[in-house]
Amino acid sequence: MLAALKADPSASFDSSDLLGEIEQRIAGGGVGTVQPSPSLLPSENKVEVNIDPLPVDAIETNILAPLASEFEDSPLSQGLQSNEEMQIIDQEQTAPSVTQVVDRDQDVLQPESPITEPQKNTSKDISKAKIADHREDEIIRVNLSKIDMLNDYVGELIVLQSMISQQAGQVEGPLQGSIRTMIKLSKDIQSISMSLRMLPVKPLVQKLQRVVRDTAQTLSKDVLFSIEGDQLEVDKSVLDRLADPLIHMLRNAVDHGLETAEERIVTNKPKQGKVKLALLNEGNHLIVEVSDDGKGINGEILREKAIEKGIISESQALSEKQLVHLIFHPGFSTKSATSEISGRGVGMDVVKTNVEKSGGQIDLSTTVGKGSIFRIQIPLSLAVIEGLIVQSEKNRFVVPLSQVRETINLKTQKVFTSKLGIGSCFELRQDVVPLIELEDAICGKRGQSTKELSEGTALMINVKEQIIGLVVQDILRAQQIVIKPLGNGIANQQGWIGSCVLGDGLPALILSPVDLLSGKIRQNILSKDLVKSA
Amino acid sequence: MNAMELENRFMEFRLGDQLYAIPLLMVKEVIQRPEMTPVPNMPGHFEGMMNLRGQILGVFSVRKKLSAKTQSPSEPINEVVIVIETKGVAVGMIVDEVTRVIHTTPEMLRAAPLKEGDPARSYIVSVIQIDGELVLSLDTFQLLELEKIKAPGRLRR
């Protein structure tokens, strides 16, 4: 079969048959248990080729070596990749047969097309992984609510476990050992249950590859698309939310970012444009960078457009950074006509909103003539956040750490309280920061709290480009918080994200200060330059 | 036991001197009143939220809703929470004591002697006459005004 495939790459095949054949060859060679040759099977896939458990003293890699090279050189690797694509992307189930997919790959792109270059590498990796993961890849679909329920129970188990481990010293004998084992087991169970929501980014990346390829093709641009870090795993919901923004940004990069081949030659750039997608793990965050080596974003053009649309006034002085951030403004587009490529509904403002909804941030740096880099920072998991547990007058609340810019102890500050109903404020690095007490912010009233604001701690929150100090009595601690839905029978209110169970087993509300405060600030404070600190 | 018989069974509970009943099928469990976290901006009969083995539930006080008399100070307070699930909403309700499970027959049920327009008509379904006592059968969903509570807060995922 291997030989047949080598001769005719368009032949249809089944990867499990192939695996069977490879196993047969290995077995036929008189080798029982085989240590896979590194050239055939990458070590990171934790491969075990299990054949007859006959003990063998010497490992004959020379049988595998030709097999490996035969396999790698065969055009089959291309075919395998296509097969993989079809399995992963179920929307493409109607896609033509393997043969046609292979043909498309080869026809559409010029033989030395850069897009195929990185793909060739991955296709080899995938084909190897295909064999390796054949058994590990078995997947069952599980209802997400079951997983969430499991996580709930495991969370309770962990609380119980910490109580038991505190009392473990009181018992003696074999029970101690059992308790230790149980504690270890429950920790293992926790880490597994937390990882259940995590999905590999690879299928998304493969979809994006096709997006770039098709876009480049439509625009007749020569694009080298490279990808870094497609081995990561992120929370399912984060992955879902990331998909549309990334498609939009990559289309933008190819359409608006990269120049046409002629323009590139005039500006002494290689004919082929580069677009890069990089994913990396940074603490609890996923960093996604989309960069291109195109023409960059010209702030002056944006300024003219913004003045034309009445977003900024002519006299308004904006820094270069503020200018380029105008593209995140709702309804802002420099293209007078919407194109088929980039005019597909979502604009950069939607991208920004989507990212921020997931607790992330988006940033942009660009150099005219050199290219642009969009950088998205998004929490790896939405089910677990870094939270700040704060004490208000009557209650404990949790605030996502990502929303808090800094905390200021007001005891060391001079707090001004106005009798005119403007409320309190204090001066922070030449800025006047209004102060709002947390309970007041929740109840929508002002000046209800009996405590002096100057006794508390202010959390600096950035609300619609305006810094507001949210005053709490005390900050208890920062810790990882598992987000649960607001309980049944509890009305959802603006600024409430959900609830959680704290270490002592008591529930607490998780608040989003940004949403909580955005309804409370009077418009005149907000209408200050929208782009002032963009 | 067939389904009909199950539907005729009620959980009876006490608030002060009065006995009440709710359909047994909606009761998930009864637990001792746990420590609760207050929640701002909620109706007056809302007590707080509790942690039921990892699930967060809103808890309501039936006493506050019915403005029932409080227990005499000499009586030990040992309130319990009945965890109920009705129309897809799971909440807790605080009562003084769960007394028993009663089995009703159609002849034990009486219409509640309430005037037209009495707000209590919406949540007092009927009066159960049993062992010489009168037990008020309640529609919990109406009683706790659960329809006013919007759909449980959706997690931002």
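Reading guide: rules and limits
Residues numbered from 1 in each chain as written. Chains lettered and ligands numbered in written order. Predicted model: local features only at pLDDT ≥ 70, side-chain atom pairs only at ≥ 80, totals over all residues. Heavy atoms only, no water. Helix = DSSP H or I, 4+ residues; strand = E, 2+ residues; numbered from the N terminus. Buried < 20%, exposed > 50% of the residue type's maximum accessible area, 1.4 Å probe, protein only. Contact = heavy atoms within 4.5 Å. Axes fitted to C-alpha atoms, helices over the stretch in contact; angles between N-to-C directions. Parallel < 35°, antiparallel > 145°, perpendicular 65-115°, else oblique. Left-handed = near helix turned anticlockwise from the far one by under 90°. Nonpolar A, V, L, I, M, F, W, Y, C, P; charged D, E, K, R; others polar. Pairing = 2+ DSSP bridges. Buried area = accessible area lost by both parts, 1.4 Å probe. Salt bridge = Lys/Arg side-chain N within 4 Å of Asp/Glu carboxyl O. Polar contact = N/O pair within 3.5 Å; in protein donor to acceptor, adjacent residues only side chain to side chain. Patch = residues over 30% accessible without salt bridge, like charges linked within 9 Å, V, L, I, M, F, W, Y side chains within 5 Å. Areas by Shrake-Rupley, 256 points an atom, 1.4 Å probe, with all protein chains shown as cover. Expected span 1.5 Å × (residues − 1). pLDDT = per-residue confidence, 0-100. Arc of directions from axis to C-beta. Phe/Tyr/Trp six-rings, centres within 6.5 Å; stacked < 30°, edge-to-face > 60°.

J.: What exactly am I supposed to notice about the overall build of chain A here?
T.: The helix and strand inventory of chain A stands at 17 helices and 18 strands. In chain A, which comprises 534 residues, the share counted as buried stands at 46%. When contacts within chain A are restricted to residue pairs at least 6 apart in sequence, long-range pairs at least 24 apart make up 66% of them.

J.: What exactly am I supposed to notice about the packing of helix H9 (residues 202–218) of chain A against helix H10 (residues 236–257) of chain A here?
T.: Between two packed helices, the angle of one axis relative to the other and the distance separating the axes together describe the packing. Residue and element names in this part refer to chain A. The interhelical angle for the contact between H9 and H10, taken along N-to-C directions, is 25 degrees, at an axis separation of 10 Å. Judged by the inter-axis angle, H9 sits roughly parallel to H10. In terms of crossing hand, the pair formed by H9 and H10 is right-handed. Residue-level contacts link Leu204, Lys207, Leu208, Val211, Val212, Thr215 and Ala216 of H9 to Leu239, Ala243, Leu246, Ile247, Leu250, Arg251 and Val254 of H10. Classifying every residue of the contact of H9 with H10 gives eleven nonpolar, one polar and two charged.

J.: Looking at this structure, how should I read the pairing of strand S11 (residues 133–138) of chain B?
T.: A regular strand places its side chains on the two faces of the sheet in alternate fashion. Residues and elements named next belong to chain B. Pairing between strand S2 (residues 18–23) and S11: three bridges, direction parallel. For Tyr20, the partnering residue across the bridge sits in S11 and is Leu136. The sheet contact formed by strand S10 (residues 124–130) and S11 spans six bridges and is antiparallel. Considered in S11, the bridge of Ile128 is made with Val135. Connecting S10 to the antiparallel partner S11 that follows it, the hairpin turn spans two residues, and Asp131 within it adopts a positive phi of roughly 50 degrees.

J.: Can you walk me through the interface of chain A and chain B in this structure?
T.: A common way to report how large an interface is uses the accessible area buried once the components associate. At the interface, 36 residues of chain A touch 31 residues of chain B. Of the roughly 3000 Å² buried between chain A and chain B, counting both surfaces, carbon and sulfur atoms make up 55%. Taken together, the connections running from chain A to chain B amount to zero salt bridges. Taken together, the connections running from chain A to chain B amount to four residue pairs in polar contact (both at pLDDT 80 or more).

J.: Would you mind going over a nonpolar patch on the surface with me for this structure?
T.: Together, A:Leu150, A:Ile192 and A:Leu196 make up a nonpolar patch on the protein surface, roughly 250 Å² of accessible area in all. In this structure, A:Ile192 sits in helix H8 (residues 174–195).

J.: Even after reading the chapter, I still don't get the sheet that holds strand S8 (residues 97–103) of chain B, so can you show me in this structure?
T.: Either a parallel or an antiparallel arrangement is found when strands of a sheet pair, and the pairing is made through backbone hydrogen bonds. Residues and elements named next belong to chain B. Sheet architecture is open: six strands sit in the order S8-S1-S2-S11-S10-S9, paired in mixed fashion. Each end of this open sheet is capped by a strand with a single partner; those strands are S8 and strand S9 (109–111). Averaged over all pairs of adjacent strands, the angle between their axes in this sheet comes to 35 degrees, without regard to strand direction.

J.: Whenever I open this one, H9(A) confuses me. Can you help?
T.: The α-helix advances 3.6 residues per turn, and as a result positions three or four apart in sequence lie on the same side. Residue and element names in this part refer to chain A. Relative to the 24 Å expected for 17 residues at 1.5 Å per residue, H9 spans 24 Å between its end C-alpha atoms, a close match to the ideal helical length. Within H9, burial applies to Leu204, Val205, Gln206, Leu208, Gln209, Arg210, Val211, Val212, Arg213, Thr215 and Ala216. Where H9 ends, the next residue or the one after it, Ser220, has phi of about 50 degrees, a positive value.

J.: How do you make sense of the confidence of the model for chain B when you look at a structure like this?
T.: Interpretation of the predicted coordinates at a detailed level should be avoided for regions scoring low in pLDDT. All names here are of chain B. The pLDDT averaged across chain B works out to 80; a share of 85% of its residues lies at or above 70. Every residue in residues 150–157 is under pLDDT 50, and counting partners more than four places away or in other chains gives 25 contacts. For this predicted complex, the interface score ipTM comes out at 0.79, while the overall pTM is 0.56.

J.: Just checking my understanding: could you explain helix H14 (residues 348–357) of chain A for this structure?
T.: Residues and elements named next belong to chain A. Of all the residues in H14, the buried ones are Met348, Asp349, Val351 and Val355. Along H14, the residues classed as buried sweep out an arc of 155 degrees about the axis, all on the same side. For H14, the secondary structure elements touched by its buried residues are H10, strand S6 (361–367) and strand S7 (371–379). Where H14 terminates, the next one or two residues include Gly359, which has phi positive at roughly 75 degrees.

J.: What am I meant to see in the packing of aromatic side chains here?
T.: Where two aromatic rings form a pair, the distance of their centres and the angle of their planes describe that pair. Residues and elements named next belong to chain B. Here the structure, examined in full by the defined rule, presents three aromatic pairs over all chains. Both rings, one in Phe13 and one in Tyr20, keep their centres 5.8 Å apart while their planes meet at 25 degrees; by these two values the pair is stacked. Each ring, one from Phe46 and one from Phe60, has its centre 5.2 Å from the other, and the planes form 85 degrees; the classification is edge-to-face. With Phe46 in strand S4 (residues 46–52) and Phe60 in strand S5 (residues 55–61), the pair connects residues that are 14 residues apart, well separated along the chain. Here Phe46 and Phe60 have matching classes, each one buried.

J.: When you look at the pairing of strand S9 (residues 396–400) of chain A in this model, what are you seeing that I'm missing?
T.: Residues and elements named next belong to chain A. Summarising burial for S9: five of the five residues are buried, a large majority. In sequence, strand S8 (residues 384–391) turns back onto S9 through a hairpin of four residues. Pairing between S9 and strand S18 (residues 507–511): two bridges, direction parallel. Each bridged residue has a counterpart across the sheet, and for Phe397 the counterpart in S18 is Leu509.

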